[in-house]
Amino acid sequence: MATIRNRAVLVSEFGPPSVMKIVTEELPPPDANEVQVRHTAIGFNFIDIYQRKGIYPLPLPTRLGFEAAGFVERIGAGVQNLRIGDRVVYMNAGVGAYSDRRNVAEDKLVRVPDAIDDETAVSLFFKGMTAQYLIRHTHAVQPDELLLVHSAAGGVGQILTRWATALGARVVGATGTAKKRQAALDAGCIAVVDTSEDGWADAFLEATGGEKAHVVYDAVGKDTVMHSLDCIRPFGLLVVYGASSGKAPAIEFETLNAKGCLFLTRPSVFPHNADPARFRANAADLFDAVEKGHVSVEIGQRFALDDIVEAHRAAEERRVSGAIVVIP
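A quick note: this is a predicted structure, and the numbers were derived from the prediction, not measured.

(A) Expanded view of the overall build of the protein. When helices and strands are tallied, the protein shows 10 helices and 15 strands. For the protein, whose C-alpha radius of gyration is 20 Å, the value lies close to the compact-globule estimate of 20 Å for 328 residues. Principal-axis analysis of the C-alpha atoms places the extent of the protein at approximately 65 × 40 × 35 Å. Burial status across the protein gives 50% buried among its 328 residues. Considering only contacts within the protein whose residues lie at least 6 apart along the sequence, 69% involve residues at least 24 apart. For the protein, the separation between the mean place of its 34 positive charges and that of its 40 negative charges on side chains is 2 Å.

(B) Molecular detail of helix 10 (residues 308–316). Turning to helix 10, its buried residues number three or more, namely Ile308, Val309, Ala311, His312, Ala314 and Ala315. Packed against the buried residues of helix 10 are strand 1 (4–11), strand 2 (20–27), helix 1 (46–53), strand 14 (299–304) and strand 15 (323–327). One or two residues past the end of helix 10 sits Arg318, with phi positive at roughly 60°.

(C) Layout of the packing of aromatic side chains. The final tally for this structure, using the stated rule, is seven aromatic pairs. Ring geometry for Phe44 against Phe46: centres 5.8 Å apart, planes inclined by 70°, an arrangement best described as edge-to-face. Residue Phe44 is classed as buried on the basis of its relative accessible area of 5%. With a relative accessible area of 32%, Phe46 lands in the partly exposed category.

(D) Spatial organisation of the packing of helix 1 against helix 10. Running from amino to carboxyl end, helix 1 crosses helix 10 at an angle of 105°, the nearest separation of the two axes being 11 Å. Comparing their axes, helix 10 and helix 1 come out roughly perpendicular. From helix 1, Phe46, Asp48, Ile49, Arg52 and Lys53 reach across to helix 10, where they touch His312, Ala315 and Glu316. Among the residues forming the contact of helix 1 with helix 10, the class breakdown is three nonpolar, one polar and four charged.

(E) View of the nonpolar core. In terms of nonpolar packing, the biggest core is built from 48 residues, with Phe125, Met129, Leu147, Leu160, Tyr217, Tyr241 and Leu286 touching the most fellow members. At the level of elements, helix 2 (118–138), strand 8 (146–150), helix 3 (155–166), strand 11 (213–218), strand 12 (232–240) and helix 9 (276–291) are the ones that each hand at least two residues to this core. Take this core: its biggest share by element is 10 residues, from helix 2. Excluding its chain neighbours within four sequence positions, the residues that come into contact with Phe125 are Glu67, Val89, Tyr90, Met91, Val110, Phe279, Ala283, Leu286 and Phe287. Val88, Tyr98, Ala314 and Ile324 belong to the second-largest nonpolar core, a separate cluster that totals 30 residues.

(F) Molecular detail of the side chain of Asp100. Within the secondary structure, Asp100 is located in the loop between strand 5 (87–90) and strand 6 (101–105). Given the relative accessible area of 8%, Asp100 is considered buried. There is a polar contact of 2.9 Å between the side chain of Asp100 and the side chain of Arg7. Contact partners of Asp100, with chain neighbours within four places excluded, come to Asn6, Arg7, Val37, Arg38, His39, Leu305 and Pro328.

(G) Quick look at the environment of His294. Mapping His294 onto the fold places it in the loop between helix 9 and strand 14. Given the relative accessible area of 29%, His294 is considered partly exposed. Along the sequence, His294 and Ile159 sit 135 residues apart, while their C-alpha atoms lie 8.4 Å from each other. If near-sequence neighbours (up to four positions away) are discounted, His294 is found in contact with Arg162, Trp163, Ala166 and Ala289.

(H) Region of interest: the environment of Met129. Positionally, Met129 belongs in helix 2. Separated by 27 residues in the primary sequence, Met129 and Val156 place their C-alpha atoms 9.0 Å from one another. If we ignore the near neighbours within four places in the chain, the residues touching Met129 are Met91, Leu124, Val269, Asn273, Phe279, Asn282, Ala283 and Leu286.

(I) Examining the pairing of strand 15 more closely. Most of strand 15 is tucked away: four of the five residues are buried. Sheet topology note: the strand 3 (residues 34–43)/strand 15 ladder contains two bridges and is antiparallel. Residue pairing across strands places Gly43 opposite Val325, the latter belonging to strand 15. In this sheet, strand 15 lies alongside strand 14 in parallel orientation, the contact comprising five bridges. Within strand 15, the position partnered with Ala304 by the bridge is Ile327. Taken together, strand 14, helix 10 and strand 15 form a β-α-β motif whose crossover is right-handed.

(J) How the structure looks around the sheet that holds strand 9 (residues 170–175). An order of 10-9-8-11-12-13 is seen for the six strands of this open sheet, with the pairing classed as parallel. Both edges of this open sheet fall to strand 10 (191–194) and strand 13 (263–265), since each of them pairs with a single strand only. Taking the axes of each pair of neighbouring strands and ignoring which way they run, one obtains an average angle of 15° across the sheet. Its contacts with the sheet place helix 2 against strand 11, strand 12 and strand 13, and it is angled at close to 145° to strand 12. Each of strand 8, strand 9, strand 10 and strand 11 is contacted by helix 5 (residues 200–207), which is oriented at about 165° to strand 10, the strand it contacts most.

Conventions adopted
All chains use their own residue numbering, which begins from 1 and follows the written sequence. Predicted model: local features are reported for residues with pLDDT of at least 70 only, side-chain atom pairs are reported and counted for 80 or more only, and whole-chain, interface and lining totals are derived from all residues. To obtain the side-chain values, all non-hydrogen atoms of the structure were used and water was disregarded. For helices the rule is a DSSP run of H or I covering at least 4 residues; for strands it is a run of E covering at least 2, with both sets numbered from the N terminus onward. Atoms counted for the radius of gyration: C-alpha only. Globule rule: 2.2 Å times residue count to the power 0.38. Burial classes follow relative accessibility: with a 1.4 Å probe on protein chains only, a residue under 20% of its type's maximum area counts as buried, one over 50% as exposed, and anything between as partly exposed. Contacts are assigned to residue pairs that have any heavy atoms within 4.5 Å of one another. Just so you know, the count uses Lys and Arg for positive and Asp and Glu for negative, and it drops His and the chain ends. A charged residue contributes its charge at one atom only: NZ of Lys, CZ of Arg, CG of Asp or CD of Glu. Geometry of aromatic contacts follows a simple scheme: Phe, Tyr and Trp rings, the Trp one being its six-membered ring, pair when their centres are within 6.5 Å, and the pair is stacked under 30 degrees between planes, edge-to-face over 60, tilted otherwise. Orientation is described by lines fitted to C-alpha atoms, with helices fitted over the stretch in contact, and by angles between N-to-C directions that extend from 0 to 180 degrees. Any angle that falls under 35 degrees is termed roughly parallel, while one over 145 is termed roughly antiparallel, one within 65 to 115 roughly perpendicular, and all others oblique. Gly is placed with the polar residues, together with every amino acid not listed as nonpolar (Ala, Val, Leu, Ile, Met, Phe, Trp, Tyr, Cys and Pro) or charged (Asp, Glu, Lys and Arg). Here, the term nonpolar core denotes a set of buried Ala, Val, Leu, Ile, Met, Phe, Trp, Tyr and Cys residues that are joined through side-chain atoms within 4.5 Å. Side-chain atoms alone can form a polar contact between residues adjacent in sequence; in general such a contact is a pair of N or O atoms within 3.5 Å, and within protein one must be able to donate a hydrogen while the other accepts it. Being paired, for any two strands, means DSSP has found at least two bridges between them. The handedness of a crossover follows from its direction of travel: if, with the strands pointing away from the viewer, the path from the first strand over the helix to the second runs clockwise, the crossover is right-handed.

Structural data, given as C-alpha cells:
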C-alpha cells in the first residue's frame, strides 16, 4: 500500500491558539493490527487546550486531539474484527486526532451503532466514557442517592447528571457562574449552587434541607475541593477528576477523619479503559444509555479543521454553549 498525503495539526511550542499549525505530510499504510481511519468528525475537549498551553505538557513537537469518529479506509495485517467501511470511534489512542486520517490500533476502536451518527458519537464519546466510569466504577450510583456534581453545565457534567438521574439519583449541580444555572437544571439537577459566591457549601446544604451528599464529583480542583469536603456525609466519597481551576490542594489524612471518615479518590478515564475488553464493554454501556435516551449531547458549533485556531479561541472565550465538533 502506498503512502497518502494527509493534513494534521502540529504544535512546536506551547502557547496561544496560534501555535497550532496545519501541516501536510505522508501518512504510511497501517502497520500490523492497525487500521487507517478516515475522520469524518473530530471531538474537542478542554484537555486539548491544557496540552496546547503546556499546562499538561507533552514532548514537543506534538499532535493534539484524543477523539475522532470516521470509517475504516485501509486495513493492516492481522486485523481480526474490522472491515473496510466500518464506522468507528476512539478516545484513548493518544494525541493525534486533529487530522484528516490516522492509523489506529484495532483494539483502540469501537464500532458506532447504526442509530448514532458520527457527530453525536464524537461529541459524547470522551465525555460520556468519563461519566461512565464515574457512575459505574468509581462509585456505582444507586437510586435515591444524593450527588453533588461540579461543572454541571459542562460537557461531562451534563452527561453525568442526566445518566445519574436516569439511575434514580438526586443531583445538585454546581456551576461557576449564575448564567449556567438553567443548563444544569435542564440536565436534571434538582437545585444549583453558584461556586463563585462565598458560602456556596452552605447554599448547598440549604438547598438539600441539611442533607449531605453520598458523593461529590469535583472537576474544578483548586477553588472548590476544600469546600466540597464540607458537603459530604460521613463515610461519603470525594471524587476529584479534573482541575479546571488548577491543581487541587493536598488534603491531610486527618482532615478526612475529622469530617466524617471520608473517602477520597483521583481517577481518570484512560486506566479505566486500558484493557481492550473492558473498553468495549464500557463503550457498549455508554451507547446503550444513548439509545435509551439517558445520555444526550447538544452540538454548539462546528468548525472546519482549517479553522482549528478559531475553535480554540471560541472555547477559551466561552463563546460556545454545547459541544464543539471539528470537521476535516
